[in-house]
Structures are given as C-alpha cells and as structure tokens.
Amino acid sequence: MVKTFERGVFLPHYKKFSEDKPITRLPLPRELVIPLRQHTGAPCRPLVAAGDKVEAGQKIGASDAFVSAAVHTGLSGVVREVAKRPNIAGEMVDCVIIDVDQGQEFPTWPAEDYAGLPVDEIKARIREAGIVGMGGAAFPTHVKLSPPREIDLVVINGCECEPFLTCDHRLMLERADDLIEGSRLISKVLGGPKVIFGVETNKPDAIAVLEQKLVKEKDMELVQLDVKYPQGAEKQLIYAVSGRKVPPGKLPFDVGVVVQNVATAIAVLEAVRNRKPLVDRVLTLTGPGTPNPGNYQFFIGTTISHVIESTGGLQDDVVKVVVGGPMTGWAQLDLQAPLTKGAGGILALTGEVTQVTDYMACVRCGKCVDHCPMFLYPNYIGVYGELGRYQQAEQWGAMDCFECGVCVYVCPSRRPIVSFVRRTKKAAAERHRAATRQAL
Amino acid sequence: MNKALNLQFSTSPHLHSQANVSTAMRDVIIALIPVSLVATYFFKLNVPFLIFVCIASAMLTEVIFRKIMRKPLSLHDGSAVLTGLLVALCFSAATPWWLAMVATFIGVGLAKELLGGLGWNRFNPALFGRVSVILLAPWITFLNNEFFHWRVSFPGIDTVTQATPLALLQMGLPLPNMGTFFFGYPGGGIAETSSFALLLGGAYLLYKKHISWHIPVSMLATVFVGVAVLGQNPFFHLISGGLLLGAFFMATDWVTSPITKKGQIVFGVCIGILVVIFRIILAPTEGVAFAILIMNAFVPAIDNATRRLKFGETRTPVPAQQGVPVQKTS
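Residues numbered from 1 in each chain as written. Chains lettered and ligands numbered in written order. Predicted model: local features only at pLDDT ≥ 70, side-chain atom pairs only at ≥ 80, totals over all residues. Heavy atoms only, no water.

Undergrad: For this particular structure, what's the right way to read the packing of aromatic side chains?
TA: Here a ring pair, both rings aromatic, is described through the centre-centre distance and the interplanar angle of the planes. Within this structure, the stated rule accounts for 20 aromatic pairs over all chains. Ring geometry for B:Phe183 versus B:Phe196: centroids 5.0 Å apart, planes at 50°, classification tilted. Of this pair, B:Phe183 sits in helix α9 (residues 178-183) while B:Phe196 sits in helix α10 (residues 195-207); the two residues are 13 residues apart in sequence, bridging distant segments of the chain. A network of ring pairs unites the aromatic residues A:Tyr377, A:Tyr380, A:Tyr384 and A:Trp396 as a single cluster. (Phe/Tyr/Trp six-rings, centres within 6.5 Å; stacked < 30°, edge-to-face > 60°. Helix = DSSP H or I, 4+ residues; strand = E, 2+ residues; numbered from the N terminus.)

In structure tokens, the structure reads:
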C-alpha cells in the first residue's frame, strides 16, 4: 500500500535527465576549497596552515564541541591558505584551500573486520569520519545517534522528493547491499530498533532491488510512498510511515524515531568498515541547461565550476544555476563556491523551468493554507513578515516553518513567503540575543 | 568558462505552478459570459452598454487612484475589469449609466484602492459599490433629475419593467413556472435572468479550482433549509434574486472570504441565515448583497475563531519542555 502525509503538493518530476545515468567519478580538480563549517553546529578550527602538505583522508579541521563534525581532505596536496570564501548561501566562511597534487590515484580505504565492534567504537568512528546528514540539513550524525531516550524506529529516507535529483535513487540501485548494511549499523548503535526504508514510487527499480534483498531481513521493511512534495521532510516522512506526529518544536527522537538519509547510511558503513572519512559524495548535475546530466561522485571542496567545466559547460540558455534541489536549493551568482557534504545537486535551469518575477499583494486565495504540510498560515506569515511585524508572523507559525517552498510554489501572486519566513526567524534570533544580553 | 554568465538570483523555491492572479480573474470573467449573453438576449444592447460603462469606469477609477497615490498601475491583474463586470451584473438593464458609474467608482475607488488595492480590501468592491448607491438614494435622485436627458436606452428596455420574481412572491401574485425561471426569465437584475447560466459559470470555476464548494454549498443549503422551515418554496428561493450570483461569484471572492475551508463553511452558513432574514422578514431588495457585505466584516473574526492546529499540535498544549539536549547552535 502506498502511504503519504497530509497536504503538500504534486510537482513535475524532472528526473528523466539523470535517473538512468550510473554514478561516475569526476576528474581530479586543481584545487579543493574545504569549508570548516559545512554542518549545523560549531565551526571547526583549522588543523593545518599555509604551506603544509596534506595526505588523502587527513583531518584538516576539528572542534571540541559535541555538535560539530570534523572535516578532512579527500586528496593529497599543499595547503595554499586558510581564508574566508563565500559558501553556496553567500556567507563568508573559513576554508582550507588546497592545491591538489596532480597525477595522484584516487584514494582507497581497505575494508576491516568490524563485526564485533562495540557500539561506542562504532559511534567514535562515525564521529571521527565527520559524517553529517547528507539529505541537505547536514546535522552531525553522531549527535543524532546519541538520542536522550529510547528509539524504537529507524527510518531510512530514500524519498528524494525534490524534483530533478536522482543521486539517492542511484545509490539505492547501485549500492543496495551497502545501504542495508549501513542501516543495520545505525540500528545497532540505537539498540536494534526496526528499520523502515521510505521510498517514493517513482523509483520502481530501486524499490524492486531493495525489496528483493529485504526479504531475508528481519526487522527491516520498505514502505512505498506517494510521489508528493515534501515527502522526504522528516516530520512528514515519520508521519507517513508510522503515523506518529512530531509536535511543534520537538525532534524526531521525541517520538522514538531517528531518520537517516540513504547517502548517510552508506557513509556510516564506510566510516565503520573502511575507516573512511566523509571526503566525497554523489551529486546530480542536471537540468535542461547542461549537456551531460548525470550522477557524479566528487570530493568535498570541489567548486561548482569544476563540476560544470569537466562535464561540458553550460548551455547558452541557462538562466539560473542552483545548488541543491529546485524547491530548497540556493541560486548561485558565480560558480566559485565549494560543494559541501550536504550538496546533492547542481541544477542548470532554463527560462522554461524557472522564472524570476515580481510579486503582488496577497489575494487570500488560501492555496498556501490548503497545501502547507505543517498546517501553518503562510498567507499571514507572508503579509506580516513583509511588513516587518515579525511577532505577528511568529503567531501564525513562522517558527515552525521548515521552508519547503510549497506555499510559494502554489501562490498565484508569486509571493516569496520563504524569504519572509527567514526574515522573521532572523528577527526572532536577534530579539532572543538582545534579551539574553539584557539578562546578563 | 569561456562565455560571460548572466545568472538570475532569487531565493528558493525555483519552481512555480502556473497559478496566476490574472488567469484566475480571466476565468471568472469567462464564467460570467453565459449570463451576460442571456441578459443581452432579453434586454438587447442595454446590457453590453451598461457592462461597457462599468468596466471602463472601473479601469479609469483604478488608474486615477493609483496615479494620485503614486502606485504602479495594476490593470494587468484583471481585477478592475472583473469588478466592473460584476457591478454591471448587479444592476437592472434599465439602470441609468451615471448610477452604474457612481457605483463602480465607489466600489473600485473607495472599497478597493483606498484600502490599499487588490488584496487589502475588506469588502467585496462590486457589492460595496452596488449597495452604496442604494444607501445614497437621496443624492442619486438629484443625479437622476440633473442627468435625465442624458439617459441612453436601446430597444428592449420595456421588458425590464416586469416585476422581479421575488416581488411577485412578496405580493402574492402568480409565478411563472420553475423551468422558465431556471433557464431564462427577464425580471430583475442582469444576473437574475438565468440561473442555468450562473450555474454553468459556477461549475466552470469549480472545475478550474478557483473556488471550492464550501461557500456556495453551505450558503445555498442554509437558505434552502431556512426558507423551507419558514414555509416558502425553497427551490424558488434558490433560483431567484442575486442568490446564485452571490454564492458563486461574490461570497467566494478570495480577498473577502475566510482563509480555511472550515471558516468558509461558517461564512457560508452565516450569509445564508442573513439572506433568509432579509428575504422573509425585511424588504426583498439586495438581501444577498447586504448579507455578504455584513459577513465580509466578520472574516478576520472567523479566521481567528476557526484557527487550525499546527502539524502535531494538540488542543491542550503540554508545558514546553526545554530539556532537549540537542540544540542547534547556529
């Protein structure tokens, strides 16, 4: 039976460009620009300085904070400098910039016997490898795997509900055994709860492969999910597969659930079995504006321009380049930003697919209210957020918005409600800081 | 990269549905074509003339107000054209053009533009204009006297002098048969000529998903039950007066109706109750228009009262626990 959540929206899929393209490696880049903060949490301090030689897999940034994730270089080379660079969101972040040794082999990490490892050692290896959620939010995985209460369900997120993206689809298809083994490790760390794989029905080949392999697995099952956006959002996914609702302001473990993306589960396996740090991942380069759409494995710190140049450049009719999915990704003005652990896609979009238009006043049609998967009032949040009346925007639910973009998608006035939500959250954070200062 | 990039920037999302205010307005206008044609059949050129006067004055009013307030012109959103058309449809075909013009001016100028333009108006502009000229009757008499010789009328106007069906009912006179009423009967306002044509338009709007069933059904059902309880023929009430125009085209106005489906049902039921009161107890003139305008004023209250819970929220909130050890630090 196909399950789903309430509300949301049916989007065009746009997966045809790349869903049949096997994962391939990109050629060696000349440089790596590795941000010291690619995750939710405390930034790392650099462990290397200009002029240092670095080896493939070497840790180059670390933090003592628990909510943080170490960063490593996937390739050997020489540190050119440690300097601020704009990331994909346009923020200036500290980066380690490495001139990559040309002519090196792609690094490998041999498998070790890991069958008898105690849970603490497994967790330590995951933390050491700097693994974060690879679905986009980039929350450190070792933190998620240290919940303060009992977990009785692990959900492996194979929805890939954003249009265009197919890298998780390909991973499920090509690395199903690793995915299942990684998921088993995740379950083991959490005390052995049941595992559910949630996959949208537009990936029938991946579903077939996984279901066939899961036949012999106890405590693991695959749940087919309707192709509806945002099916892969944590709260919506948990509700669809288990009927549990995570209350506002709470996290999945408050209802006994941990959600991990498929790429993360594979990275966990590699960290434990091969002691491989998270130095590469797969992204989908796609869209009508790229001559060679596909699913490409790249080293963290590769710039957008390297991906695009080594795959044949952009076509002339490209109007927008987006990192991430089309609903939540970041538009790029230049292509120099480095790709991080959370980057699942580069979209080369043409005017047929995306248009930047002016917006009008809210006409209260109610479409955003009908479709909001969090049952908020995007119309009021937008109106008050635009007027700068942030506290009223909060009263209508701005702080519970996870910025999926459904409201903007359906809006006939094309109002940038997600921007108004971000403004509201920023204002709330500033107010909170001011209040804290006053209290001190 | 060899060529210069000229990339656009915007915040997410980067996809957009085809939903568009102008398209919606256009579809509502299309939905009103059948009833306009039926009325034209009965009242000849008087109908297109009045519609032309109203649409032209609506557009002119919007341009004038926007110029004065130094705002960008917004004729392309189609709302001025639609408001003009709706005002015209509320009148009888014998209405002098200056009266229709004044109503349109008040509707578009005062009820919409002065309140901030499309989206900010609290009251349905067309109904506000229509009702204003009723309330301004003494002043209108003056206009009627001054401008009497400028009256424009085309052949076919005699038909208009027929009593409206609701007036016939009120006076206890014999009524024409129901089928005639339903498909086409030249009594009352332009939009009262054919219930069939209005239902056709309403069905089109439902099909196009510009409106949902909640307001029309709750409103019509309430009137149906209400008049039946009070001993009158409910079918007759459904198809007479401005009820169908109000239910499908006025009460469903996005801007001036509640935002949730639950609120829309409350709204429709309340309008229905008011219509019954106006029709049975008070004089049978523009009861629907008054009922909708009165409820327009309560829309914010309805929105608040029917406020829904967020995803995962419970009616009795447990005191927020701050004990979640994993706090996002950035």
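Following the structure, the description resumes.
Undergrad: What should I look at first to understand unusual backbone geometry in this one?
TA: A negative phi holds for most residues other than glycine; trans holds for most peptide bonds. Here the residue pair A:Tyr229 and A:Pro230 is connected by a cis peptide bond, since its omega of -5° sits within 30 degrees of zero. Topologically, A:Pro230 is positioned in the loop between β11 (220-225) and α6 (234-242). One non-glycine residue with positive phi stands out, namely A:Ala138, at about 55°. Residue position: A:Ala138 is located in the loop between α1 (119-128) and α2 (141-144). Its relative accessible area of 4% is what places A:Ala138 among the buried residues. At B:Arg70, a residue that is not glycine, the phi angle is positive and equals roughly 55°. Mapped onto the secondary structure, B:Arg70 falls in the loop between α3 (46-68) and α4 (79-90). You can call B:Arg70 exposed: its relative accessible area is 77%. (Buried < 20%, exposed > 50% of the residue type's maximum accessible area, 1.4 Å probe, protein only.)

Undergrad: Is there a simple way to think about the sheet that holds strand β15 (residues 318-323) of chain A in this case?
TA: Sheet strands associate in pairs through backbone hydrogen bonding, adopting either a parallel or an antiparallel arrangement. All names here are of chain A. An order of β1-β14-β13-β17-β15-β16 is seen for the six strands of this open sheet, with the pairing classed as mixed. Edge strands, defined here as strands with exactly one partner in the open sheet, are β1 (23-25) and β16 (330-332). On average, each strand axis in the sheet is tilted by 30° relative to the strand beside it, whichever way the strands run. Sheet topology note: the β15/β16 ladder contains three bridges and is antiparallel. Within β16, the residue paired with Val-323 across the bridge is Trp-330. Where helix α3 (residues 167-174) meets the sheet, it contacts β1, β13 (280-286) and β14 (294-299), and its direction lies at approximately 125° from that of β13. (Pairing = 2+ DSSP bridges. Axes fitted to C-alpha atoms, helices over the stretch in contact; angles between N-to-C directions. Contact = heavy atoms within 4.5 Å.)

In short, geometric facts, not functional conclusions.
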